[in-house]
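Analysis of the macromolecular model
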Amino acid sequence: MSWHIRLMVKDDIPQVTAIDREAFPTMWPPVNFHNELNNRMAHYAVAGDGQRTVINPKPALQLTPVHSFLNLKWPFSSRVPGEDHPQKVEYISGFLGLWVMVDEAHIINVAVRQSCQGKGLGELLLISGIDMAIRNKAVVVTLEVRKSNTTAQTLYAKYGFQEVGSRKAYYTDKKEDALIMTTDFLTSVAFQTRFSKLKAEHFRKLGHFEYGI
Ligand SMILES: CC(C)(COP(=O)(O)OP(=O)(O)OC[C@H]1O[C@@H](n2cnc3c(N)ncnc32)[C@H](O)[C@@H]1OP(=O)(O)O)[C@@H](O)C(=O)NCCC(=O)NCCS
């Protein structure tokens, strides 16, 4: 494997949507990643496998004016002109979304394909999320996590996230509580020292990959 961590682009959206649906099937409405790419507060990183490609599905129906064969104006076509062919794109294994509002960064979602879990990608994406938060001058990073999701909580705790509260029945599917977890100040010596050490150790462990964040 040759991992590639970089910012999400439009061509990643079909795969990122599929990963999001696999990880959060009951979340409604689903995230509109096209809107997210145009949202100035949102920052998305993806983990790609540089050695593997997939064919993206044809673009979804779009309403575009075209000329019909009778040269009459027919108002709507089902395809975007020039985008009719399926495209070969990099295989995406996981993604992380972050919103930066004023000086607070909020991790909106992080997910790794089930078939790619346990290989260090979730941790790599969390590192990229923290780096994006630091670059965007956030003071802390916060997130919500299901009370039952101990896998994710263990990962967050490793990076210094601490439970600071909860939201009752936040997840409406099972009326499950959310734990609110927050980092120390990102500029604090304690956070910086821990983060640099964990990041360096994780990069060493993963070996060769490209980090484009
Ligand atoms: C949470 C998630 C992103 C972790 O991704 P991953 O690629 O499997 O995790 P990694 O291999 O990078 O593991 C990193 C750390 O996560 C924790 N972790 C991973 N798998 C774990 C498990 N089965 N049990 C407990 N902790 C676990 C550990 O702290 C691990 O660090 P370690 O290797 O030093 O022990 C992934 O499980 C996932 O996509 N889950 C579904 C979506 C989700 O729940 N997202 C979080 C929403 S808040």
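Residues numbered from 1 in each chain as written. Predicted model: local features only at pLDDT ≥ 70, side-chain atom pairs only at ≥ 80, totals over all residues.

Considering the overall build of the chain
A count of helices and strands for the chain gives five helices and ten strands. Once local pairs closer than 6 in sequence are excluded, the contacts in the chain between residues at least 24 apart make up 69%. (Helix = DSSP H or I, 4+ residues; strand = E, 2+ residues; numbered from the N terminus. Contact = placed C-beta atoms within 7 Å.)

Topic: the packing of helix α3 (residues 121-135) against helix α5 (residues 189-206)
Relative to each other, α3 and α5 sit at 140°, their axes nearing to 11 Å. Looking at the two axes, α3 sits oblique to α5. Read as a crossing pair, α3 and α5 show a hand that is left-handed. On the side of α3, the interface is formed by Glu123, Leu124, Ile127 and Ile130, while α5 contributes Phe195, Lys199, His202 and Leu206. Among the residues making up the contact of α3 with α5, the classes are represented as five nonpolar, one polar and two charged. (Axes fitted to C-alpha atoms, helices over the stretch in contact; angles between N-to-C directions. Parallel < 35°, antiparallel > 145°, perpendicular 65-115°, else oblique. Left-handed = near helix turned anticlockwise from the far one by under 90°. Nonpolar A, V, L, I, M, F, W, Y, C, P; charged D, E, K, R; others polar.)

So, the environment of Asp177
Mapped onto the elements, Asp177 comes out in strand β9 (residues 176-182). Residue classification places Asp177 among the partly exposed positions, given that 16 C-beta atoms sit within 10 Å. Taking the C-alpha atoms as reference, Asp177 lies 8.5 Å from Val145; in sequence the two are 32 residues apart. In contact with Asp177, not counting residues within four places along its chain, are Lys147, Ser166, Arg167, Lys168, Ala169 and Tyr170. (Buried ≥ 20, exposed ≤ 12 C-beta atoms within 10 Å, placed from the backbone.)

What to know about the sheet that holds strand β6 (residues 104-112)
The mixed open sheet is built from eight strands, whose spatial order is β8-β9-β7-β6-β5-β2-β1-β10. Across the chains shown, the open sheet's two edge strands, defined by having one partner strand only, are β8 (162-171) and β10 (209-211). Geometrically, the sheet is characterised by an average inter-axis angle of 25° between neighbouring strands, direction not taken into account. The sheet contact formed by strand β1 (residues 3-7) and β10 spans three bridges and is parallel. From the neighbouring strand, Ile5 faces β10, where its bridge partner is Tyr211. In the packing of helix α1 (residues 13-23) onto the sheet, the strands contacted are β2 (42-56), β5 (87-101) and β6, and the crossing angle to β5 comes to about 65°. (Pairing = 2+ DSSP bridges.)

Regarding the environment of Val46
By secondary structure assignment, the location of Val46 is in strand β2. Judged by the 24 C-beta atoms lying within 10 Å of it, Val46 falls in the buried class. Spatially, the C-alpha atom of Val46 lies 8.9 Å from that of Gly97, the residues being 51 residues apart in sequence. For Val46, the contacting residues outside a window of four places in its chain are Arg6, Met8, Asp12, Val16, Ile92 and Phe95.

Concerning the site of the ligand
Neighbouring the ligand are 18 residues, the closest being Gln117, Gly122, Glu123, Thr154 and Leu155. The biggest single contributor to the shell around the ligand is helix α4 (residues 150-158), with five residues. (Near = placed C-beta within 6 Å.)

Some details on the confidence of the model for the chain
Here the chain averages 89 in pLDDT, while 86% of its residues score no lower than 70. A low-confidence stretch, residues 61-70 (pLDDT under 50), is modelled with 14 contacts involving residues beyond four sequence positions or located in other chains. Scored below 50 in pLDDT, residues 72-82 shows 17 contacts in the model against residues more than four places distant or in partner chains. (pLDDT = per-residue confidence, 0-100.)

Some details on the environment of Pro14
Looking at the secondary structure, you find Pro14 in helix α1. Distance in space between the C-alpha atoms of Pro14 and Ile92 is 9.8 Å, their sequence separation being 78 residues.

What to know about α5
Helix length check: α5, at 18 residues, gives a terminal C-alpha distance of 26 Å against a target of 26 Å (1.5 Å per residue), a fit within 8%. Counting buried residues along α5, only zero of its 18 residues qualify, which leaves the element largely exposed. The first or second residue beyond α5 is Gly207, which carries a positive phi of 75°. (Expected span 1.5 Å × (residues − 1).)

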